[in-house]
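Residue strings, one per chain:
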Amino acid sequence: MSKGQPEPAPKREPEPLAVGVDEAARLLSVSRDAVYGAIRRGQLRSVQLGTRQLVPVIELHRFLGLDQPDGPTSTEVLAQLAELLLAATAAPSRAAPVGSRGGRVLPLMRA
């Protein structure tokens with residue numbers, strides 16, 4: 001590099017257009033169940049691509065209100081995330097029901 005020339009900008013990876021549910025949960029600092037719950041309630045839109053459920057990054061911005069010039073304050077964003085977490089913890093568990101003898105109840109098999 002010569003003295004008068006500016007340094008070239010480092011190459012950056014392009015931002016993803018969509019992320020998986022795990023990454024969306026990491027970006028929002030919530031659980032996977034919280035993200036799936038928000039999708040189920042219609043609060044967060046997603047796209048099914050084969051077996052993967054993807055959340056567009058722009059949708060995460062919309063969900064948090066960051067796509068608006070006069071978007072929400074950080075307090076409002078935190079309140080929305082708290083609501084998301086509460087909804088996820090209030091959701092019924094996906095654990096298998098327990099039978100009277102302490103084992104799992106299995107469906108009847110038909111021949």
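In this text the structure is predicted, and so the values were computed from the model without any measurement.

Peer 1: Quick one: what's the story with the pairing of strand β3 (residues 52-56), residue by residue and with numbers?
Peer 2: As defined by bridge partners, strand β1 (residues 18-20) adjoins β3 across three bridges and the pair is classed as antiparallel. For Gly 20, the partnering residue across the bridge sits in β3 and is Leu 54. As paired strands, strand β2 (residues 47-49) and β3 are joined by three bridges and run antiparallel to one another. Of the residues in β3, the one forming a bridge with Val 47 is Leu 54. Turn length for the β2-β3 hairpin, with the two strands adjacent in sequence and antiparallel, is two residues, and the turn residue Gly 50 shows positive phi of about 65°.

Peer 1: Break down the pattern of salt bridges for me, with residues and values.
Peer 2: On inspection of all chains with the given rule, the structure shows five salt bridges. Of the charged contacts, one joins Arg 32 and Asp 22 as a salt bridge, the two residues approaching to 2.5 Å between their closest N and O atoms. Taken together, the positions of Arg 32 in helix α2 (residues 32-40) and Asp 22 in helix α1 (residues 21-28) put the pair 10 residues apart, joining distant regions of the chain. The partly exposed category is assigned to Arg 32, whose relative accessible area is 43%. Its relative accessible area of 48% is what places Asp 22 among the partly exposed residues. For Arg 45, the salt bridge goes to Glu 59, with nearest N and O atoms at 2.9 Å. Residue Arg 45 is located in the loop between α2 and β2, and its partner Glu 59 is located in helix α3 (residues 57-64); the two are separated by 14 residues in the primary sequence.

Peer 1: Could you give an account of the environment of Leu 81, naming the residues involved and the relevant values?
Peer 2: In this fold, Leu 81 is placed in helix α4 (residues 74-90). In this structure, the C-alpha to C-alpha distance between Leu 81 and Leu 64, residues 17 residues apart in sequence, is 8.5 Å. With residues up to four places along the chain from it excluded, the contact list for Leu 81 reads Leu 28, Val 30 and Leu 64.

Peer 1: An account of α3 is requested, with residue identities and associated values reported.
Peer 2: Buried within α3 we find Glu 59, Leu 60, Phe 63 and Leu 64. Angular distribution of buried residues about the axis of α3 spans 135°; they occupy a single face of the element.

Peer 1: So what about unusual backbone geometry? Which residues, and what values?
Peer 2: One non-glycine residue with positive phi stands out, namely Ser 29, at about 60°. Position of Ser 29 relative to the elements: it lies in the loop between α1 and α2. Accessibility expressed as a relative area gives 61% for Ser 29, which makes it exposed.

Peer 1: Break down the packing of α1 against α3 for me, with residues and values.
Peer 2: If you want to describe how two helices pack, look at the angle between their axes and the distance between the axes. Running from amino to carboxyl end, α1 crosses α3 at an angle of 35°, the nearest separation of the two axes being 11 Å. The handedness of the crossing between α1 and α3 is right-handed. Of the residues in α3, those in contact with Ala 24, Leu 27 and Leu 28 of α1 are Leu 60, Phe 63 and Leu 64. Considering only residue class, the contact of α1 with α3 consists of six nonpolar, no polar and no charged.

Quick notes on the rules
- Residues numbered from 1 in each chain as written.
- Predicted model: local features only at pLDDT ≥ 70, side-chain atom pairs only at ≥ 80, totals over all residues.
- Heavy atoms only, no water.
- Pairing = 2+ DSSP bridges.
- Helix = DSSP H or I, 4+ residues; strand = E, 2+ residues; numbered from the N terminus.
- Salt bridge = Lys/Arg side-chain N within 4 Å of Asp/Glu carboxyl O.
- Buried < 20%, exposed > 50% of the residue type's maximum accessible area, 1.4 Å probe, protein only.
- Contact = heavy atoms within 4.5 Å.
- Arc of directions from axis to C-beta.
- Axes fitted to C-alpha atoms, helices over the stretch in contact; angles between N-to-C directions.
- Left-handed = near helix turned anticlockwise from the far one by under 90°.
- Nonpolar A, V, L, I, M, F, W, Y, C, P; charged D, E, K, R; others polar.

Any link to function would need more than the numbers given here.
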